[in-house]
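# Observations on the model geometry
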Amino acid sequence: MIALPSDDKNKFKKYLVDFFHNAYGGTKLSSKDEIINFDFLKNYGFYVKLSYGQGTVSKIPWIIFVRMDTQEYKASYGVYVYCGIKRENGEIIVCIGESEDVIINYTAKNKVDEYNTKFNNVAFNYLNLNNDIEVIVDKIIENMQWFAKLPLNEIQDRNALSISNNKEIRNNGNEILSKKENQNPPLNQILYGPPGTGKTYHTIDKALEIISNEEKIQIPSEDDRVNRKKLFDEYVEKGQIVFTTFHQSYGYEEFIEGIKPRIDRENSKEVEYEIKDGIFKELCKKALDKKRKIINNEDISIDKNSKVWKISLGANASLRDECFEKNKICIGWNDIPKNKDERFLNLGSNNKNSIISFVDYMQIGDLVCVFNTSTTIKGIGVITSDVKYNEDEEYQTYREVSWISQDDEINILDLNSDKILVQKTVYELYRISPNDLLEKIKSSNLNEAKDNLNDLKIVEDNTKKNFIIIIDEINRGNVSKIFGELITLIEPSKRIGEKEELRARLPYSGEEFGVPKNVYIIGTMNTADRSITSLDTALRRRFEFIEMMPKPNLLYNIFVCKNVENPNKDEDYLGDDRKTEGDAEILQKILISINKRIEFLLDREKTIGHAFFISEAVKFDKNNWIKPGKYKEDWYVLSISKLKSIFQNKIIPLLQEYFYNDYALINAVLNDNGMIFEDKKDDKYLQKKNLYNVDNERNIYTIAPFDDEIWNDIKTYQAIYDDKITNKTKNENE
């Protein structure tokens, strides 16, 4: 429930009374000064609009309570909690309302109509305001509670959304705004906020939204978290979603590319170094990949795992022509490649490496390029067999090939990062991707080669899918060092396929690299670690920042109960009603109280999130309760033992970090509730050393032992927001 502490409820009542007085008998038109009064409702997920009229005094002044996960009130989001007063007779109406200027086509309309008919069928009157104001306030809060549970997409105007091109994200009063169904999500976004606000949790939802934008999948409802996570894991398994966490040691080499050591398994003393792609470069390559199969041999695939090889076929054209005719490639050295005897050991390193590459490293589905000059090739084929031997031939070692291009001179210097080809018989052209090579043929004037490309059918085109990298704790790494030249390439207008497409030459591989337009970056940022203002300016300009602040209103349906393992099975618990309205308000009030004090003493970026409590709550079957009809929504139970664990293991340590172990301030945040207490100054060790003369203002604080009964007493937690309990407990202790 949206449970207002007594102070906030009294404020709410006072400001509503002021509104009714001005609306019924006044001539006031301006409402700006009054709207500010209701800002405290943002802590509960709502902000306020009110109007006395425009130009002339309205016949029915109104005040509406708008959900903060919608845009600033417009017709396309014109559903809200409404309270209006008729000037002519003083009648006051409270209901779920909608815009009268435009017909709103939203899916929850039937639910709203049914709710209004059932629960909002009573009118109040200004003439009886003194008696009715408490009931009016409760009725508005009740409507807000129900309205807050409606899924956002059910209260959006479907007609307006289908034609709207407005930017979908607004950091309006603490909230993250859901995306319009027809609009592309931002390519680069960062969810930021204090700890425990669900940033990493929501990356799953964001990733699935991005996937569904292209693939039109059915995403399970928000309540069906198990199947939603299962669907997310399926796309992780497919490689469309990857996850990483930045930290102080994370660098360019892990993210883009770097030189890594590789130990020769046959000779462990030899260490080779190879250029290895980082997680983001791998994802970008995959996002551009097109998997192809040979039409008459669909067992053979050409994809991002395929390699490109260079081979020299003799000093003259005769061997090359023979290979073209017989659909093969071959190497010499008689029977040495087959036997690898002592003669093999006596060969030079280039010859040995050529044999090993041809026999052991080439794979079915790899592409092979026939050497012509230092910059050109004269033949491209797909390897279709394992290595074979024919002792009757001069070149005994061979593989079967399906030729795409024969005798066509193709310059591949640009694809090979301006590196010339050398005479070595066989080696991998690791700078060239199969996709780039085939696309070069497709865009060339080589008609025969292009005809042969028709024998390769595209069976999977990743350019028509969306790929996502989730970067947790993005602000904990050295972003400038990690992204390097990508800081420019990730801009939407600089992506591959856009008019202003840019590519950069990478420092290790020398490859030309760009970021595809179907690659999305989702980052999370904990503002308790580092403020958004301290981020690299270049990074801030290229990301959309979505603020995620604590939402106390999400705790409205979590009840604090006595210690039971399973509230749905414990017979003693099921037979005890416990006056749950009072217990249900505890968590909301705790979070609001603690965060208000932290914001006053420090700043809003170091508040505490709602997820600390939600993650430990157990869903309760309301039909097990003595009064099941009383609760309209599903609700959850948090036992005292779990609440105790949350404070001891999460909240107290976090406050110690925030306030640098200044226990006087921590105690103030907890409202002197007894979890932290001041030691008496008559300690014998202090007296003997005369330490009081050093600093008379110095106090010593101690955290109550974790096995102390104070942690198991519900009043300890209520004292965080209730001064009466705090004072009573103090008096009892004294």
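Above: the structure in question.
To start, this report covers the structure provided alongside it. It should be emphasised that the depicted structure is a prediction, and the values quoted were computed from it without experimental measurement.

All right, on to the overall build of the protein chain then. Assigned secondary structure in the protein chain consists of 26 helices and 29 strands. Split into buried and exposed, the 734 residues of the protein chain put 48% on the buried side. For the protein chain, the accessible area works out to roughly 36,200 Å², and carbon and sulfur atoms hold 45% of it.

Before going further, it helps to spend a moment on the packing of helix 1 (residues 6–25) against helix 4 (residues 129–148). Contact geometry of helix 1 with helix 4 gives a least axis separation of 10 Å together with a crossing angle of 115 degrees. Once helix 1 is placed against helix 4, the crossing between them reads as right-handed. Judged by residue contacts, Lys9, Phe12, Lys13, Leu16, Val17, Phe20 and His21 of helix 1 engage Leu129, Ile133, Glu134, Ile136, Val137, Asp138, Ile140 and Ile141 from helix 4. Of the residues assigned to the contact of helix 1 with helix 4, the class counts are 10 nonpolar, one polar and four charged.

What follows concerns the pattern of salt bridges. Per the stated rule, a full pass over the model turns up 39 salt bridges. One salt bridge in this structure joins Lys281 and Asp277, with 2.9 Å as the shortest N-O distance. The partner of Asp341 in a salt bridge is Arg343, with the nearest N and O atoms 2.8 Å apart. On the basis of relative accessible area, Asp341 is assigned to the partly exposed category, the value being 28%. The exposure class assigned to Arg343 is partly exposed, which follows from its relative accessible area of 37%.

This part is about the sheet that holds strand 1 (residues 46–51). Ordered by their spatial adjacency, five strands build an open sheet running 1-2-3-4-5, and the pairing between neighbours is antiparallel. Single-partner strands in this sheet number two, and they are strand 1 and strand 5 (124–125). Relative to strand 4 (residues 91–98), strand 3 (residues 79–85) is paired through seven bridges, and the arrangement is antiparallel. Residue pairing across strands places Val79 opposite Glu98, the latter belonging to strand 4. Contacts from helix 1 reach strand 1, strand 2 (62–67), strand 3 and strand 4 within the one sheet, and its direction differs from that of strand 3 by about 55 degrees.

Strand order across the open sheet formed by three strands is 25-27-26, with mixed pairing between neighbours. The open sheet terminates on both sides in strands that have one partner only, identified here as strand 25 (558–561) and strand 26 (618–620). Going from strand to strand, the sheet's axes swing by 40 degrees on average, the running direction of each strand aside. Here strand 25 runs beside strand 27 (residues 635–639); their pairing, made up of four bridges, is parallel.

Bringing the packing of aromatic side chains into the picture now. Scanning all chains against the criterion turns up 22 aromatic pairs. A network of ring pairs unites the aromatic residues Phe12, Tyr15, Phe38, Phe40 and Phe65 as a single cluster. The positively charged end of Lys11 is found above the aromatic ring belonging to Phe40, 4.8 Å away from the centroid. A cation over an aromatic ring shows up here: Arg67 above the ring of Phe147, its NZ or CZ 5.6 Å from the ring centre.

Here we come to helix 10 (residues 317–326). Along helix 10, the positions that sit buried rather than exposed are Leu319, Arg320, Cys323 and Phe324. Each buried residue of helix 10 lies within a common arc of 140 degrees when the element is viewed along its axis, so the set occupies one face. Counted as exposed and oriented over 90 degrees from the buried face of helix 10: Ser318 and Glu325. Looking at the buried positions of helix 10, the neighbouring elements they touch are strand 13 (328–331), strand 14 (367–371), strand 15 (376–383) and strand 17 (397–411). The first or second residue beyond helix 10 is Asn327, which carries a positive phi of 55 degrees.

Turning to the pairing of strand 3, a few remarks are in order. When you tally the buried positions in strand 3, you get seven out of seven residues, the bulk of the element. With four bridges connecting them, strand 2 and strand 3 associate as antiparallel partners. Residue pairing in the sheet places Phe65 in a bridge with Val81 of strand 3.

Put simply, helix 3 (residues 109–119) and helix 4 touch, their axes get as near as 12 Å, and they point 155 degrees apart. Our classification of the angle between helix 3 and helix 4 gives roughly antiparallel. When the axes of helix 3 and helix 4 are compared, the crossing they make is right-handed. Of helix 4, the residues touching helix 3 (which contributes Lys111, Val112, Tyr115 and Phe119) are Lys139, Glu142, Asn143 and Trp146. Residue classes in the contact of helix 3 with helix 4 are distributed as four nonpolar, one polar and three charged.

On the surface, Asp707, Asp708, Glu709 and Asp713 cluster together into a patch of negative charge. Within the secondary structure, Glu709 sits in the loop between strand 29 (701–703) and helix 25 (714–718). By relative accessible area, Glu709 is classed as exposed at 57%.

The rules behind the values
- Residues numbered from 1 in each chain as written.
- Predicted model: local features only at pLDDT ≥ 70, side-chain atom pairs only at ≥ 80, totals over all residues.
- Heavy atoms only, no water.
- Helix = DSSP H or I, 4+ residues; strand = E, 2+ residues; numbered from the N terminus.
- Buried < 20%, exposed > 50% of the residue type's maximum accessible area, 1.4 Å probe, protein only.
- Areas by Shrake-Rupley, 256 points an atom, 1.4 Å probe, with all protein chains shown as cover.
- Axes fitted to C-alpha atoms, helices over the stretch in contact; angles between N-to-C directions.
- Left-handed = near helix turned anticlockwise from the far one by under 90°.
- Contact = heavy atoms within 4.5 Å.
- Nonpolar A, V, L, I, M, F, W, Y, C, P; charged D, E, K, R; others polar.
- Salt bridge = Lys/Arg side-chain N within 4 Å of Asp/Glu carboxyl O.
- Pairing = 2+ DSSP bridges.
- Phe/Tyr/Trp six-rings, centres within 6.5 Å; stacked < 30°, edge-to-face > 60°.
- Lys NZ or Arg CZ within 6 Å of the ring centre and 35° of its normal.
- Arc of directions from axis to C-beta.
- Parallel < 35°, antiparallel > 145°, perpendicular 65-115°, else oblique.
- Patch = residues over 30% accessible without salt bridge, like charges linked within 9 Å, V, L, I, M, F, W, Y side chains within 5 Å.
- Lys, Arg positive; Asp, Glu negative; His and termini not counted.
- Charge placed at Lys NZ, Arg CZ, Asp CG, Glu CD.

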